[in-house]
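Architecture at a glance
Chain residues, written in single-letter form:
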Amino acid sequence: MKLAVLVVTALLLLAVVVSSQRRGTERAQGMEKPPMGRTDAEKRILGVIDDARRAGRVHLEVPDADGRMLRVLAESINAKEAVEIGTSTGYSGLWLSLALQTTGGKLTTFEIDAGRAAQARKHFQQAGVDGIVTVIEGDAHKNLQQVKAPVDLVFIDAEKEGYPDYLKQMLPKVRPGGLILAHNIDMAPEYVTAVTTNPELETVFYMEGRGLGITLKKR
Ligand SMILES: C[S@@+](CC[C@H](N)C(=O)[O-])C[C@H]1O[C@@H](n2cnc3c(N)ncnc32)[C@H](O)[C@@H]1O
């Protein structure tokens, strides 16, 4: 009997939490408007983002809410050196480019699949950001050695079991005050433990879709 009461109470609590989270998401979506380009450069990138999604030239891409968050974070820390692990066809890279073409920054992005890397290069060219984005093809676990410090922002969005190694390799290269962002963190529990138990880091989670981990490397 006691167990049944406990189970019912736990289920009720869960329902309240889930429904309040849903309400939060609906409210946010109702308030937001699609991004508006201010400059021609911005409009051109947004045009390619829109076109890539409509034409289906995307693969496991970030939801637009996360793409916009990537842009806001990169631009607000005035990122000059950004690294992305898991380019796919360049969708999240285009969102990051919106920030970097404003800050005068560069993106180095890593992709193991040759076809996706080729499509990403085309998207960056169409968006006019191929001069600030370098796609490095091959296994990021090996190729990350090429990255030189200091890095302002890292976005991790490749195979989930690789996240702890990506963090281990990149953390020493991120400048104090820099950001480490990780996508689909609900699928990377080891990574979540690593970023939430290190006193050098401060981590919050932006729970649109599968969740974006936002980690500050303290100064
Ligand atoms: C979730 S998708 C990335 C989506 C992309 N960030 C976007 O929003 O458009 C993950 C990508 O990581 C790539 N990947 C997986 N393992 C990798 C590795 N070891 N090195 C580099 N890329 C890898 C996959 O080929 C895939 O294209």
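Every chain is numbered independently, its residues counted from 1 as its sequence is written. Given that the model is predicted, a residue must reach a pLDDT of at least 70 before its local features are reported, and side-chain atom pairs must reach 80 or more before they are shown or counted; all residues, however, enter totals for whole chains, interfaces and linings. Only hydrogens and water are set aside; all other atoms, that is, all heavy atoms of the structure, feed into the side-chain values.

1. Things to note about the layout of surface pockets
The volume enclosed by the largest pocket comes to roughly 440 Å³. Space inside and on the surface of the protein is sampled on a 1 Å grid over the protein atoms alone, with a cavity defined as a set of points where a 1.4 Å probe fits but cannot get out and a pocket as an open set with protein on both sides within 12 Å along at least 5 of 7 lines; lining residues have an atom within 4 Å of a point. Lining the largest pocket are 25 residues, with Gly86, Glu111, Asp157, Ala158 and Glu159 sitting closest to its centre. Elements supplying a minimum of two residues to the lining of the largest pocket: α4 (91-103), β2 (106-111) and α6 (140-143). Each residue gets one of three labels, nonpolar for Ala, Val, Leu, Ile, Met, Phe, Trp, Tyr, Cys and Pro, charged for Asp, Glu, Lys and Arg, and polar for the others, Gly among them. When its residues are assigned to classes, the lining of the largest pocket shows nine nonpolar, eight polar and eight charged. Grid points are joined across faces, edges and corners, and a volume is the space filled by probe spheres set on the points. Every helix listed is a DSSP run of H or I at least four residues long, and every strand listed is a run of E at least two residues long, numbered separately from the N terminus.

2. Regarding the site of the ligand
If you check the shell around the ligand, you find 22 residues, and the closest are Gly86, Ser92, Glu111, Arg116 and Asp157. Pairs of N or O atoms are called polar contacts if they sit within 3.5 Å, as long as, within protein, a hydrogen donor faces a hydrogen acceptor (for residues adjacent in sequence, only side-chain-to-side-chain pairs). A distance of 2.8 Å separates a nitrogen atom of the ligand from a polar backbone atom of glycine 86. Within the side chain of arginine 116, an N or O atom sits 2.8 Å from an oxygen atom of the ligand. Computed by Shrake-Rupley with a 1.4 Å probe, the accessible areas treat only the displayed protein chains as cover when residues are assessed. Taken by itself the ligand offers 600 Å² of open surface, and the protein chains cover 91% of this. Of all the cavities here, the one that holds the ligand is the largest pocket. Near is defined per residue: the residue qualifies when any heavy atom it owns lies within 4 Å of the molecule or strand. For this analysis, a molecule is said to be in a pocket or cavity if more than half of its atoms are within 2 Å of the grid points defining it.

3. Observations regarding the confidence of the model for the protein chain
Put simply, the protein chain has an average pLDDT of 90, and 87% of its residues get 70 or more. Low pLDDT, under 50, characterises residues 16-24; the predicted model gives this stretch zero contacts beyond four residues in sequence or across chains. In predicted models, pLDDT denotes the confidence assigned by the predictor to each residue on a 0 to 100 scale. Here, two residues are considered to be in contact whenever any of their heavy atoms come within 4.5 Å of each other.

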